[in-house]
Amino acid sequence: MATTAVGQPLSRVDARRKVTGTATYSAEHRIEGLLYGVIVNGTVARGTVSRISVDAALGHPGVLRVLTDFGKLQLAHPVDRLAFYGQPIAVVVAETLEAATHGASLVEATYERQDAVTDFDDPDIPSQTPEDEPDYSRGDPAGALASAQVKVDLELTSARENHNPIELPSTIARWQDGRLTLWDKTQWSQGAARTVAGALGIAVTDVRVHNEFLGGGFGSGIQTYDHVVLAAFAAREVNRPVRVVLTRRQFYYGTGFRPASRHRMALGSTAAGRVSALVYEVRIENARYRTYTDGLTDLPKFLYGVPNTSTAYRITPIDVHSPASMRGPGVVLGNFALETAMDQLANELALDPVELRLRNEPTQDEVSQLPFSTRKLRECYETGARRFGWSRRRAKPGSRTDGDLLIGMGMATASYHNNRRDSSARARIHADGTAEVFAASADMGPGTTTSVMQVAADALGLPASAVTFRLGDSSYPTAPLHAAACTMASVGSAAYTTCNALKAEFIRRAVADPNSPLHGANPADVQVSDGQLETSGARDTYRDILRRAGLPSLDITGNWGPGDADSRISTYGYGAVFAEVSVDPLLGLVRVRRIFAAYDVGRVISPKLAHSQAIGGMVGGIGMALLEGTVTDHRDGRIVNASLADYLVPVNADVLDLDAAFINTEDPQADPIGVKGLGEITIVGVAPAIGNAVFNATGKRLTDLPIRPEALL
């Protein structure tokens, strides 16, 4: 397609509103008659509430109601018993936030406790094979591993991680004439509408969800949690709008998390570096009341051309809140196990880690037996190694120093499935020549509002300044969840398809109109630029076509979906991540000096936003590698470090030099705009690249995330 906006490093169209404070987030809407709700959390991991006293709370000035009976609500967990520490047991509704908060502190509960297990390493809790993650095998992995000339067999672990966006989960609920409006911090407005409707027993058509601005998410807003339903429930009970905002501590109890994991990764290879066997076994924590799985085994069985491969996925159900997707869900942990083992194998073979990966490049997807739509991974290795200065790496661990510091370089491969889902859009051109495109998508920070606008502007033949992309409303045309790196490929393709259809309708009207300068022209010959339709020197405009028709605007709603493409092609994004670290051998402190990554993610719609996405993913990967880990007191399931004072995340001093480049490619077989998902892949590969750099610096192979100073002492 001809481009003028796509490929340009445009600034975010909503940037000024965000930095000046005029962007309105979910909790900030001014609603007449607003009340404040505060949730009271249970303090046992398993049991029932035998008695709850609310008199003191009701006696506090400003408190209007204390709701404790959730029996008619359909929640994801049981409502007649406690299934995890922090489960809501009451909602205090008051005239002010201060009154509601103090009232909540006055609610007293007595429990009938049951024996609970919150440690998924408890040997008495059996593991299970989830139905949607059956064991996988090709070839003879056990035999090939046993006969391999060189073997690597690692045990790896990762801690639980919690999402920590700046904006906390927040909801305002208002009922009018039996219909519910929610202003909610959600990554999926239409999913939230369905969940709340089901929980309350009302029609989904009676629920409308607004989510125009989100202050980060990382997966925490995909599911609709208790606080959203309870805000709606409370508003209905008191017949006034109610706002519920979780505290940071409640956030750790009230939403999902990246589950802790345990891995075994075994590789067998020839002396020449041809990997002949891969055996991967992984186990993650789960809730008893609900099964959660993600793509942990995806990359180990797919990424390299290994003829003998097996994977086994297990879950251990315990008395905790259910895990949830977190950036790079599943894939980032499976990749950590795989890429750590590949680096160890390269060391055993005395082979450059990049060269080992090149020697094991597959010619097709060995899981699906399908051809790759595009796979520019070799180019990623080459570009990344050159730009990073990989040739300066010393193969012998511990051989490079800077004063008292040990310096190391490491690398890892990254990949993520190119998710595309059915989506719809509505495009409208107004009589003044401006255009709007609508879809029920969201923008939690990657710049969707800007990038979809760029696609729409080029499709319509309008300047970017004349086009606005409207999102954040469940009443808009259907869009998938804003997650899984599927938004641009899905919503962007729907916008592209719909805008082209609208442009074609204007062309059709012009060539059929005797009063148009284009009357009788061949529609295929008409080109559109800056809102002007032209062929053979004759010109018409969107404005004039609408004026002659007496229309204030013209719009079209269209749909796009991947159809059966995934049955014909294997489409993934790829990347090569390079990291340099320093290690203080006396203190065990690891500092990331720099990271550079090269990506094959198809057509890059907005280079500035893509680069920002890459940097953000790297920051998350640094947190995973060196800092983040949720600590549970297994006596009762309480999270010990449920605050940003105690849960460590990267700060500016931790992210000194991060950079990324994109291979010039596109993937037209996957979707009409040629893109691949970018949001998830940028965190994949970062943690193992850092871990491999630590090995290169110290000679210590660390297999537990996060890497802690004591492990290096």
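Above this text is the structure in question.
Just so it is clear, the model here is predicted, and its values are computed rather than measured.

Analysis parameters
- Residues numbered from 1 in each chain as written.
- Predicted model: local features only at pLDDT ≥ 70, side-chain atom pairs only at ≥ 80, totals over all residues.
- Heavy atoms only, no water.
- Core = buried A, V, L, I, M, F, W, Y, C linked by side-chain atoms within 4.5 Å.
- Buried < 20%, exposed > 50% of the residue type's maximum accessible area, 1.4 Å probe, protein only.
- Helix = DSSP H or I, 4+ residues; strand = E, 2+ residues; numbered from the N terminus.
- Contact = heavy atoms within 4.5 Å.
- Salt bridge = Lys/Arg side-chain N within 4 Å of Asp/Glu carboxyl O.
- Phe/Tyr/Trp six-rings, centres within 6.5 Å; stacked < 30°, edge-to-face > 60°.
- Lys, Arg positive; Asp, Glu negative; His and termini not counted.
- Polar contact = N/O pair within 3.5 Å; in protein donor to acceptor, adjacent residues only side chain to side chain.
- Pairing = 2+ DSSP bridges.
- 1 Å grid on protein atoms, 1.4 Å probe; cavity = no way out; pocket = protein on both sides within 12 Å on 5 of 7 lines; lining within 4 Å.
- Points joined across faces, edges and corners; volume = space filled by probe spheres on them.
- Nonpolar A, V, L, I, M, F, W, Y, C, P; charged D, E, K, R; others polar.
- Axes fitted to C-alpha atoms, helices over the stretch in contact; angles between N-to-C directions.
- Patch = residues over 30% accessible without salt bridge, like charges linked within 9 Å, V, L, I, M, F, W, Y side chains within 5 Å.
- Areas by Shrake-Rupley, 256 points an atom, 1.4 Å probe, with all protein chains shown as cover.
- Expected span 1.5 Å × (residues − 1).
- Right-handed = clockwise from strand over helix to strand, strands pointing away.

Asker: Mind showing me how you'd approach the nonpolar core here?
Answerer: The nonpolar side chains of a soluble globular protein tend to be buried with one another. Formed by 90 residues in total, the largest nonpolar core has its most connected members in M265, V581, I595, Y599 and I690. A per-element tally of this core places helix α9 (residues 331-349) first, with eleven residues. With sequence-adjacent residues up to four places away left out, I595 is seen in contact with V577, F578, A579, M618, I622, D657, L658, D659, V686 and I690.

Asker: Would you mind going over the pattern of salt bridges with me for this structure?
Answerer: Two side chains with opposite charge may pair up if their charged atoms get near one another. Under the criterion given, the structure shown has 39 salt bridges. R264 is the salt-bridge partner of D153, the closest N and O atoms lying 2.7 Å from each other. Here D153, found in strand β7 (residues 150-158), pairs with R264, found in strand β12 (residues 261-269); they are 111 residues apart in sequence, far enough to count as distant. The exposure class of D153 is partly exposed, given its relative accessible area of 46%.

Asker: I'm lost on the packing of aromatic side chains in this one. Help?
Answerer: Any two aromatic rings considered together are summarised by their centre-to-centre distance and by the angle between their planes. With the rule as written, the count across this model stands at 14 aromatic pairs. Seen in terms of ring centroids, F302 and Y572 are 3.9 Å apart; in terms of plane orientation they differ by 15 degrees. Their pairing is stacked. Of this pair, F302 sits in helix α8 (residues 298-302) while Y572 sits in strand β24 (residues 572-584), and the two are 270 residues apart along the sequence. Judged on exposure class, the residue F302 and its partner Y572 are both buried. Within the aromatic cluster, the residues linked to one another by ring pairs are F302, F372, Y572 and Y574.

Asker: Is there a simple way to explain the side chain of R248 in this structure?
Answerer: The residue R248 is located in helix α7 (residues 248-254) in this model. Buried charged residue R248 carries no salt bridge. Nearest counter-charge: E167, at 9.8 Å. Polar contacts involving the side chain of R248 include one to the main-chain carbonyl oxygen of P165, which spans 2.9 Å. Separated by 3.3 Å, the side chain of R248 and the backbone oxygen of I166 make a polar contact. When residues no more than four places from it in sequence are discounted, the contact partners of R248 are N164, P165, I166, L168, A642, S643 and L644.

Asker: Even after reading the chapter, I still don't get the sheet that holds strand β6 (residues 136-138), so can you show me in this structure?
Answerer: Two orientations exist for strands paired in a sheet by backbone hydrogen bonds: parallel and antiparallel. What the six strands build is an open sheet, ordered β6-β14-β13-β12-β7-β29; its pairing is mixed. Of all the strands in the sheet, the pair left with one neighbour each is β6 and β29 (704-705). Here β7 runs beside β12; their pairing, made up of nine bridges, is antiparallel. Counterpart to V152 in the pairing with β12 is L267.

Asker: Would you mind showing me how to read empty space enclosed by the protein here?
Answerer: It is a probe the size of a water molecule, rolled over the atoms, that shows where empty space is left. Within the structure shown, the criterion is met by four cavities of 30 Å³ or more. In this structure, the largest cavity encloses a volume near 100 Å³. For the lining of the largest cavity, a count of residues per class yields seven nonpolar, three polar and two charged.

Asker: Honestly, the layout of surface pockets in this entry has me stumped. Any pointers?
Answerer: Empty space within the second largest pocket amounts to approximately 430 Å³. Counting residues per element, the lining of the second largest pocket draws most heavily on strand β19 (residues 467-470), which supplies four residues. Tallied by class, residues from the lining of the second largest pocket come to ten nonpolar, eight polar and eight charged.

Asker: How should the side chain of R426 be read in this particular structure?
Answerer: Structurally, the position occupied by R426 is in strand β17 (residues 423-430). No salt bridge is formed by the buried R426. Its closest oppositely charged neighbour is D555, at 5.1 Å. When neighbours within four sequence positions are excluded, R426 is seen to be in contact with E436, V437, F438, Y476, P477, T498, D555, I556 and T557.

Asker: Which parts of the structure should I look at to understand the sheet that holds strand β8 (residues 170-176)?
Answerer: Read from one edge to the other, the open sheet built from seven strands follows the order β3-β4-β1-β11-β8-β9-β10, with strand pairing classed as mixed. At either margin of the open sheet sits one strand with a lone partner, and together these are β3 (63-67) and β10 (207-210). Each adjacent strand pair in this sheet contributes to an overall mean axis angle of 20 degrees, direction not counted. Summarising the sheet, β8 and strand β9 (residues 179-184) pair through six bridges and their orientation is antiparallel. The residue bridging I172 from the neighbouring strand is W183, located in β9. Against the sheet, helix α6 (residues 226-238) makes contact with β1 (35-41), β3, β4 (88-94), β8, β9 and β11 (242-245), and its axis sits at roughly 35 degrees relative to β8, the strand it touches most.

Asker: Sorry if this is basic, but what is going on with a nonpolar patch on the surface here?
Answerer: On the surface, L586, L587 and L589 cluster together to form a nonpolar patch covering roughly 310 Å² of accessible area. By the secondary structure assignment, L586 is in the loop between β24 and β25 (589-600). Assessed through its relative accessible area of 71%, L586 is described here as exposed.

Asker: Is there a simple way to explain helix α5 (residues 189-200) in this structure?
Answerer: For α5, spanning twelve residues, the distance from its first C-alpha to its last is 16 Å, which sits close to the expected 16 Å at 1.5 Å a residue. Within α5, the full set of buried residues consists of S189, Q190, G191, A192, A193, V196, A197, A199 and L200. Looking at the buried positions of α5, the neighbouring elements they touch are β8, β9, β10 and α6. Once α5 finishes, G201 follows within two positions and takes phi at roughly 75 degrees, a positive value.

Asker: Would you mind going over the pairing of β9 with me for this structure?
Answerer: β9 sits mainly inside the fold: five of its six residues count as buried. In this antiparallel pair of consecutive strands, β8 and β9, the connection spans two residues, and D177 shows a positive phi of 55 degrees. Chirality of the crossover, the property in question, places the unit of β9, α5 and β10 among those that are right-handed.

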